Amino acid sequence: MDDYISIATLNDYIFCPYSIYLHNVYMETDESLYKATPQVKGSIAHEGIDKKTGSTRKSDLYSMPVYSDQLGIRGKIDIYKSDKKQLIERKNNIKKIFRGQIYQLWAQYFCMTEMGYQVELLNFYEISTNKMIPIKIPSEENKKELEIFIQQFKNYNPSEDVITVNTNKCLHCIYCNLCDKTTYDNVYT
Ligand code: SF4
């Protein structure tokens, strides 16, 4: 399962494929070298999940590892409420929902259903506003879209594929200070 793609990286790949390469290069290093404030807050938001705090309901599953052999992906869900058949992904702030974030939730959904869990509701939950945001259950067409995207991800080659450097993205990229494609510093330093 080592070559399975991590669900957590799907959104990063859309943001900039090269960031996946940098993530793999620097993953063994001290996170403080590159993690910026929004990412630190995100990690803290997920800490409650990983430590399984926040609810004592027996019907709630937290931070459960999931995988899909069909899609070649693996990762963790945030919360699954088995009594409501509801899958929830928590975020600190949601100004806009990006396609990559939808792909992450779809990916979790397909893993869960392949593993035999019933999922009838998909939600993002915005912690700062205590708001639930419903997302449609993915269709077969959506699954094909996700499969094509995952294949692109698997085929990506940082030494051969052309990288389009978008300064605006670089300024908000946590790897900016370590990236050889730009001389900028990100806005978090
Ligand atoms: S700094 Fe720019 S080019 Fe480098 S990984 Fe980040 S977004 Fe991509």
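Residues numbered from 1 in each chain as written. Predicted model: local features only at pLDDT ≥ 70, side-chain atom pairs only at ≥ 80, totals over all residues. Heavy atoms only, no water.

> I'd love a proper account of the packing of helix 4 (residues 99-114) against helix 5 (residues 140-155), names of residues and values included.
Two elements in contact, helix 4 and helix 5, have axes separated by 11 Å at closest approach and are oriented at 110 degrees. When the interaxial angle is binned, helix 4 and helix 5 end up roughly perpendicular. Between helix 4 and helix 5, the residues in contact are R99, Y103, W106, A107 and F110 and N142, K143, E145, L146 and F149, respectively. When its residues are assigned to classes, the contact of helix 4 with helix 5 shows 6 nonpolar, 1 polar and 3 charged. (Axes fitted to C-alpha atoms, helices over the stretch in contact; angles between N-to-C directions. Helix = DSSP H or I, 4+ residues; strand = E, 2+ residues; numbered from the N terminus. Parallel < 35°, antiparallel > 145°, perpendicular 65-115°, else oblique. Contact = heavy atoms within 4.5 Å. Nonpolar A, V, L, I, M, F, W, Y, C, P; charged D, E, K, R; others polar.)

> Before we move on, could you go through the site of the ligand and cite the residues and values that matter?
Lining the immediate environment of the ligand, one finds F15, C16, S19, L22, C170, C173, C176, C179, K181 and T182. For the shell around the ligand, the per-class residue count stands at 7 nonpolar, 2 polar and 1 charged. (Near = heavy atom within 4 Å.)

> Explain the sheet that holds strand 3 (residues 65-68) to me, and be specific about the residues and the numbers.
What the 3 strands build is an open sheet, ordered 1-4-3; its pairing is mixed. Each edge of the open sheet is held by one strand with a lone partner, namely strand 1 (5-6) and strand 3. Sheet topology note: the strand 1/strand 4 (residues 73-76) ladder contains 2 bridges and is parallel. Across the sheet, residue S6 finds its bridge partner in strand 4, namely R74. Strand contacts of helix 4: strand 3 and strand 4, with the helix running at about 85 degrees to strand 3, the strand carrying the most contacts. (Pairing = 2+ DSSP bridges.)

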